[in-house]
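# Inside the fold
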Amino acid sequence: AAATDLESLAAIQSAYEHCEIRKGARNFVFADGNPEARVMILGEAPGRDEDREGRPFVGRAGQLLDRMFAAIGLARTAHHADEALYITNVMPWRPPQNRDPDPAEIAMMLPFVTRHVDFVNPDIIVLMGNTPCAAALGKRGILRLRGNWTEAFGRPAMPMTHPAYLLRNPAAKREAWADLLEIKARLKR
């Protein structure tokens, strides 16, 4: 609650010492992209590449994510809000052995995520995988949830399968494309 903007939120969260995950992480990974973006992607947690670089979605899955959203005219490097993406994660630190964050860790980060969403104020939130769905919706089961509009943090939200899943299961890319087209249509309305 003491945070007044994204910069102060990042400072407060990076200094937060009550989450055990942070002890094994190399870097605090806050966000990337344009905070004015209409679309905010909420991912799970940094992986090895993200922990090394200090930015979300920079490994193979992140490269696929960039290509996916470029296909509907959105990019984290775009300056104009209508073409931009803003990307963050539920967990700002890499969990040991890339394990999934547990419910207590997700609950611990939820106030930070909520404040983050409030500051960015996106038109649409993309819940990229199970951990964001658990945090924002209190539900897991991304293969059942994906492709169906819902509401998260008081905003329209689209659950999508994580790009890492798509790398392991290329046949699922067709469903991801349908989800991207839904997002594009919603932005045009």
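The paragraphs below set out a description of the structure included in this document. (Residues numbered from 1 in each chain as written. Predicted model: local features only at pLDDT ≥ 70, side-chain atom pairs only at ≥ 80, totals over all residues. Heavy atoms only, no water.)

The next point concerns the sheet that holds strand β5 (residues 150–152). Reading across from one edge, β1-β3-β2-β4-β6-β5 is the order of the six strands in this open sheet, with mixed pairing throughout. Of all the strands in the sheet, the pair left with one neighbour each is β1 (31–33) and β5. Taking each pair of neighbouring strands and ignoring which way they run, the sheet shows an average axis angle of 30°. In the packing of helix α3 (residues 60–70) onto the sheet, contacts are made with β2 (39–43), β3 (85–89), β4 (124–128) and β6 (155–160), and the angle to β4 comes to roughly 145°. Along the sheet face, helix α5 (residues 130–137) touches β2, β4, β5 and β6 and points at about 130° away from the line of β4. (Pairing = 2+ DSSP bridges. Helix = DSSP H or I, 4+ residues; strand = E, 2+ residues; numbered from the N terminus. Axes fitted to C-alpha atoms, helices over the stretch in contact; angles between N-to-C directions. Contact = heavy atoms within 4.5 Å.)

This next bit is on empty space enclosed by the protein. Summed over all chains, the structure comprises one cavity of 30 Å³ or more. Surrounding the largest cavity, Q13, V29, F30, T88, N89, V90, P92, F112, V113 and H116 form its lining. Every element with two or more residues in the lining of the largest cavity is listed here: β3 and α4 (103–120). If you tally residues by element for the lining of the largest cavity, the top one is α4, at three residues. Here the residues of the lining of the largest cavity sort into six nonpolar, four polar and no charged. (1 Å grid on protein atoms, 1.4 Å probe; cavity = no way out; pocket = protein on both sides within 12 Å on 5 of 7 lines; lining within 4 Å. Points joined across faces, edges and corners; volume = space filled by probe spheres on them. Nonpolar A, V, L, I, M, F, W, Y, C, P; charged D, E, K, R; others polar.)

In this section: the nonpolar core. Across soluble globular proteins, you tend to see nonpolar side chains buried next to one another. Judged by nonpolar contacts, the single largest core of 34 residues is most densely connected at V90, L127 and F153. Secondary-structure elements contributing two or more residues to this core are α1 (6–14), β2, α4, β4, α5 and α6 (142–145). Here this core takes six residues from α4, the largest share from any one element. With residues near it in sequence (within four places) discarded, L127 still touches L42, P132, C133, A136, L137, I142, A152, A157, M158, P159 and M160. The next biggest cluster of nonpolar side chains, apart from the first, holds 22 residues, and it includes F57, L65, L74 and L85. (Core = buried A, V, L, I, M, F, W, Y, C linked by side-chain atoms within 4.5 Å. Buried < 20%, exposed > 50% of the residue type's maximum accessible area, 1.4 Å probe, protein only.)

What follows covers the pattern of salt bridges. For the structure on display, the rule yields 12 salt bridges. The partner of R76 in a salt bridge is D66, with the nearest N and O atoms 3.0 Å apart. Note that R76 is positioned in the loop between α3 and β3 and D66 in helix α3, a separation of 10 residues in sequence. Given a relative accessible area of 9%, R76 falls into the buried group. For the salt bridge of R146 with D179, the shortest nitrogen-to-oxygen distance reads 2.6 Å. Within this pair, whereas R146 is found in the loop between α6 and β5, its partner D179 is found in helix α8 (residues 173–188), the two being separated by 33 residues in sequence. The same class applies to R146 and to D179, which are both buried. Salt bridges linked by common partners bring D32, E53, R55, D66 and R76 together as one network. (Salt bridge = Lys/Arg side-chain N within 4 Å of Asp/Glu carboxyl O.)

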